[in-house]
Structure formats: structure tokens, C-alpha cells
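Examination of the molecular architecture
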Amino acid sequence: MFSFVWPKTLLSAFRYFERLTENIDSMIDKCAKGSFYVNSNNFMSNSTMVVADKIIALSERKVTLINCKLLVEEGLSLCKADAAEILIKKFIDGDKGKDIAAELNISMRSYFRKLDSSIHKFAQNIAKLGYNDSRLYDMLKNESWIMALHSRLLNKNEEDEILEMA
């Protein structure tokens, strides 16, 4: 059975991308403004090179998060409307499965079939865009919060597989 942990990770993290990029902008601004106040106590931490390195690292992190947000948006736009709707409600809005099924007027069994199909289609879409598991890992390995989310989803997926075999 193939795991769709990375697509689920991206979808689950999507709601935080915009807020994080705004916070990074604020951090860059504070870093730049703070560099004006150099004295003997903070000379090394506020040197031009140190400040420039911090700003570059924060900017690269922002670019990564923006690229992830755009990847999710593109992957969803390539899905059919009903598939995108289920994924958005489940992963981005955080709605419960029973609420989604009731809202869509479908049975729980149909909901799970449609959810699995939608995840599969989203995974295919981002793979077509050139983002497989190894590329996503390379791109996001320095984002500890995304790696923690990925790890949690991976462990949940493994638990589900064990239950299926029992």
C-alpha cells in the first residue's frame, strides 16, 4: 500500500504558510532595524555579515514556504471541484469527516472513498509538477515544524496499516 504522507503534510500545513511568511517579514524587518544599534555589547551579533546572513536565511525560508503554498494551490486547482472541496474541508479547514459527509449528503463509506481518491489525485498532481517524496523532503528538511507534522502523519499511517492487517 502506497503512503500519501507528504501530500497530507502539505495540505495540513497549508493554513499556516501565509501567517508564517508574514511573521518572517516582520523578523526580517526587526533584524534590519536592530542592526542600526551597534555597540560594544552587540558588535559581533549585529555585524553586517551576521545580519545579512540572518536576512538571507529568513528570505530563503520564506521562499520555501511560498513555494509550498503555491504547490498546494496548483495541486488543488488540477483536481476536480468535488475532490478539491473534500481536501480543503478535511485538511485545510480541519472539518470532521462526519460533518463533511453530512454537508455533502453522502455516507461515511462514500466519504472515505472520495477522500482516498482525492488524496491520490492530489498526490498525482504534485508529482506531475515534479514534487515527489524525495524532492519534498529535500525542500522541507530544515522546516522542523513540517518535519514534525510529517512524522506524526507517518506514524498515524503506520498505525492504520497495522490495524488493517489485524
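Scroll up for the structure.
My aim in this report is to walk through the structure given alongside it, one point at a time.

Conventions we followed
- Residues numbered from 1 in each chain as written.
- Predicted model: local features only at pLDDT ≥ 70, side-chain atom pairs only at ≥ 80, totals over all residues.
- Heavy atoms only, no water.
- Axes fitted to C-alpha atoms, helices over the stretch in contact; angles between N-to-C directions.
- Helix = DSSP H or I, 4+ residues; strand = E, 2+ residues; numbered from the N terminus.
- Parallel < 35°, antiparallel > 145°, perpendicular 65-115°, else oblique.
- Left-handed = near helix turned anticlockwise from the far one by under 90°.
- Contact = heavy atoms within 4.5 Å.
- Salt bridge = Lys/Arg side-chain N within 4 Å of Asp/Glu carboxyl O.
- Buried < 20%, exposed > 50% of the residue type's maximum accessible area, 1.4 Å probe, protein only.
- Nonpolar A, V, L, I, M, F, W, Y, C, P; charged D, E, K, R; others polar.
- Core = buried A, V, L, I, M, F, W, Y, C linked by side-chain atoms within 4.5 Å.
- Expected span 1.5 Å × (residues − 1).
- Phe/Tyr/Trp six-rings, centres within 6.5 Å; stacked < 30°, edge-to-face > 60°.
- Lys NZ or Arg CZ within 6 Å of the ring centre and 35° of its normal.
- Bend = angle between axes of the 7 residues up to and from the residue.

Remarks on the packing of helix 2 (residues 48-77) against helix 5 (residues 108-128)
Look at helix 2 against helix 5: their axes get within 8 Å of each other, and the N-to-C directions meet at 120°. Overall, the two elements helix 2 and helix 5 adopt an arrangement that is oblique. When the axes of helix 2 and helix 5 are compared, the crossing they make is right-handed. Note on element contacts: helix 5 touches helix 2 through F122, N125 and I126, opposite L71, V72, G75 and L76.

A few points about the pattern of salt bridges
According to the stated counting rule, one finds five salt bridges in the structure shown. With a shortest N-O distance of 3.1 Å, K33 and D29 are connected by a salt bridge. One end of the pair, K33, and the other, D29, are both in helix 1 (residues 5-34), four residues apart, so they sit about a helical turn from each other. Residue D29 is classed as partly exposed on the basis of its relative accessible area, which comes to 36%. Between E73 and K69 there is a salt bridge; the shortest N-O distance is 2.6 Å.

Things to note about the packing of helix 1 against helix 3 (residues 81-92)
Running from N to C, helix 1 and helix 3 point in directions that differ by 70°, and their axes come no closer than 8 Å. Here helix 1 lies roughly perpendicular to helix 3, going by the angle between them. Like other packed secondary-structure pairs, helix 1 and helix 3 cross with a definite hand, here right-handed. The residues of helix 3 that touch helix 1, namely those facing K8, L11, S12, F14 and R15, are L87, F91 and I92. Its residues placed into classes, the contact of helix 1 with helix 3 shows five nonpolar, one polar and two charged.

Some words on the nonpolar core
Membership of the largest hydrophobic core comes to 38 residues, with the highest contact counts inside it found for L10, L76, L87 and F122. Among the secondary structure elements, those contributing two or more residues to this core are helix 1, helix 2, helix 3, helix 4 (97-104), helix 5, helix 6 (133-140) and helix 7 (144-165).

Here we look at helix 5
With 21 residues, helix 5 ought to run about 30 Å at 1.5 Å a step, and its terminal C-alpha atoms sit 30 Å apart, in line with that. Three or more residues of helix 5 are buried, namely S110, Y111, L115, S118, I119, F122, A123, N125 and I126. The first or second residue beyond helix 5 is G130, which carries a positive phi of 95°.

Section: the packing of aromatic side chains
On inspection of all chains with the given rule, the structure shows four aromatic pairs. Pairing F14 with F17 gives two aromatic rings, centres 6.3 Å apart and planes at 80°, and the pair type is edge-to-face. Pair noted here: F14 and F17 are both in helix 1, with a separation of three residues, about one helical turn. Members of the aromatic cluster, each reached through a chain of ring pairs, are F14, Y16, F17 and W145. Over the aromatic face of Y131 sits the side chain of R135, whose NZ or CZ is 4.0 Å from the ring centroid.

As for the environment of A13
Relative to the assigned elements, A13 resides in helix 1. Given the relative accessible area of 1%, A13 is considered buried. Between the C-alpha atoms of A13 and L65, which are 52 residues apart in sequence, the distance is 9.8 Å. Apart from residues no more than four positions distant in its own chain, A13 is found in contact with W145 and L149.

Considering helix 1
With 30 residues, helix 1 extends 40 Å between its outermost C-alpha atoms, agreeing within 8% with the 44 Å of an ideal straight helix rising 1.5 Å per residue. At F14, helix 1 shows its maximal bend, which comes to roughly 50°.

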